[in-house]
Amino acid sequence: MEKKEKVITLIDAFKDFKEEKNIDRPVMMQVLKDVFLTQIAKTYGSSDNFDVIVNVDKGTCEIYQNFDVVEEVENPNAEITLDGIREDGGDADDYEIGDQYAKILPLAAFGRRGILNIRQNLQGRIMDIEKANVFKKYSEKVGELFYGEVYQTWSKEVLILDEDGNELHIPKSEQIPGERFKKSDSVRAVIKSVEMKNNTTPYITLSRVSNEFLERLFEQEVPEISDGLITVKKVVRVPGERAKVAVESYDDRIDPIGACIGVKGGRIMGIVRELRNENIDVIQWSQNPKLMIQRALNPAVVSYIEMGEGPDDKVKVFMQPDQVSKGIGRHGVNIQLAGMLVDREIEVYRELPKGESSEEEDVLLSEFADVIDQWIIDRLEAIGCDTAKGVLALDPEDIAKRADLEDETVEEVLNILKAEFED
């Protein structure tokens, strides 16, 4: 009679392992085979004459040791005599020299240390597979929106856990300036990157300051965008300050700007609140860079634009003096975003009345470098005040606020500039 097969029950042997739901059945079978064959090779010197049969569904694993039937044994791990078959409980009459005899190898044959090695190796392989699965899963989702709850907050990052307990991070650099999180807060962010460093757990970075995050929010809030009737052509942001979103409609009956803003601003306000009150300008896309600049600088009125000859040349935008501050915007953000939309640096110039010569009637601020500190001149130029008359045309409080200067400093500068024209 054949020897009754012993069954090695993985559930009993590895009762401390939880069910791995994210590992495919064929992969799990191969991992178990590899782990057992590795330990067999360590214990017996070779695994060539062993078969490992795994049934993941039943939680069983059968290990067979195959012997060549010989007259005299030279290798006890791979050879057996007819008498050895009888001693093993087999029916020697069913075999003859040259046949192969197989017997089930009990788990106890590996010894306590061997079983511990199997358990540790299996755990390590499963962890490696889990890491690879997480890396693959989130690598395929880069650029998509992620929803989650804050699990832990630190000074340099916020930790979020997904439904499987995987860690996702929002570094301080990827948070909107000024926003604060606390445990259990709901968070929306875009999956920015997934990195595997030194074979550790994948580091998944989320972002709330990327242009893609704002674009995903528009896709979510505006059905016409998700349906493909409106396309977001370009997004530029200074997170926490201002953003410009250029959109285009493929249906003449649809107003892309009105659709994005919504009735009474219902759609755009939801996005603004998500971005901690970041100002958002929605503009009509155009392939004409001059038209794009004019639209981007609205409500400021542009007199005319000089694009320059080369693609790297600065764009010169001319405005009436009372329009300059509107075009430049707070801290120069508006003009900066307009330049980002057309991938060019923009400089604003005041358009002088006809017949008035800038050389005769006005003086560049750079001419006052001997009496005004250069850092002050730089700040004034950054808000579009590159001439003396340009500074004098603005309200002192406005200058102090926009250029981030002390009131006393502004007063001193104004006195210097006034004296120039009085002389």
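Presented here is an overview of the structure given in this document.

### Side note on the side chain of N166
And step 1. Relative to the elements of secondary structure, N166 occurs in the loop between β7 (157-161) and β8 (167-171).
And step 2. What N166 contacts, discounting residues up to four positions off in sequence, is V134, Y138, I160 and L161.

### A few points about the sheet that holds strand β16 (residues 346-350)
And step 1. Read from one edge to the other, the open sheet built from 3 strands follows the order β14-β15-β16, with strand pairing classed as mixed. At either margin of the open sheet sits one strand with a lone partner, and together these are β14 (304-306) and β16. In this sheet, neighbouring strand axes are inclined to one another by 25° on average, regardless of whether the strands run parallel or antiparallel.
And step 2. Pairing between strand β15 (residues 315-319) and β16: 5 bridges, direction parallel. Paired with F318 across the two strands is Y349, which belongs to β16.

### Some remarks on unusual backbone geometry
And step 1. Between N298 and P299 the backbone carries a cis peptide bond, its omega angle lying at 15°.
And step 2. By the element assignment, P299 lies in the loop between α9 (289-297) and β14.
And step 3. Despite not being glycine, K264 has its phi angle at roughly 55°, a positive value.
And step 4. Relative to the helices and strands, K264 resides in the loop between α7 (256-261) and α8 (266-274).
And step 5. In this structure K264 comes out as exposed when scored by relative accessible area, which is 86%.
And step 6. Even without being glycine, R276 reaches a positive phi, approximately 60°.
And step 7. Structurally, R276 can be placed in the loop between α8 and β13 (279-284).

### A short note on the packing of α9 against helix α11 (residues 333-342)
And step 1. Axis separation between α9 and α11 bottoms out at 9 Å; the angle between their running directions is 155°. The orientation of α9 relative to α11 falls into the category roughly antiparallel. Handedness of the crossing formed by α9 with α11: right-handed. Every residue of α11 that contacts α9 at P289, M292, I293, A296 and L297 is listed here: N334, I335, A338, L341 and V342.
And step 2. In terms of residue class, the contact of α9 with α11 is built from 9 nonpolar, 1 polar and no charged.

What counts, and where the lines are drawn
Residues numbered from 1 in each chain as written. Predicted model: local features only at pLDDT ≥ 70, side-chain atom pairs only at ≥ 80, totals over all residues. Heavy atoms only, no water. Helix = DSSP H or I, 4+ residues; strand = E, 2+ residues; numbered from the N terminus. Contact = heavy atoms within 4.5 Å. Pairing = 2+ DSSP bridges. Axes fitted to C-alpha atoms, helices over the stretch in contact; angles between N-to-C directions. Buried < 20%, exposed > 50% of the residue type's maximum accessible area, 1.4 Å probe, protein only. Parallel < 35°, antiparallel > 145°, perpendicular 65-115°, else oblique. Left-handed = near helix turned anticlockwise from the far one by under 90°. Nonpolar A, V, L, I, M, F, W, Y, C, P; charged D, E, K, R; others polar.

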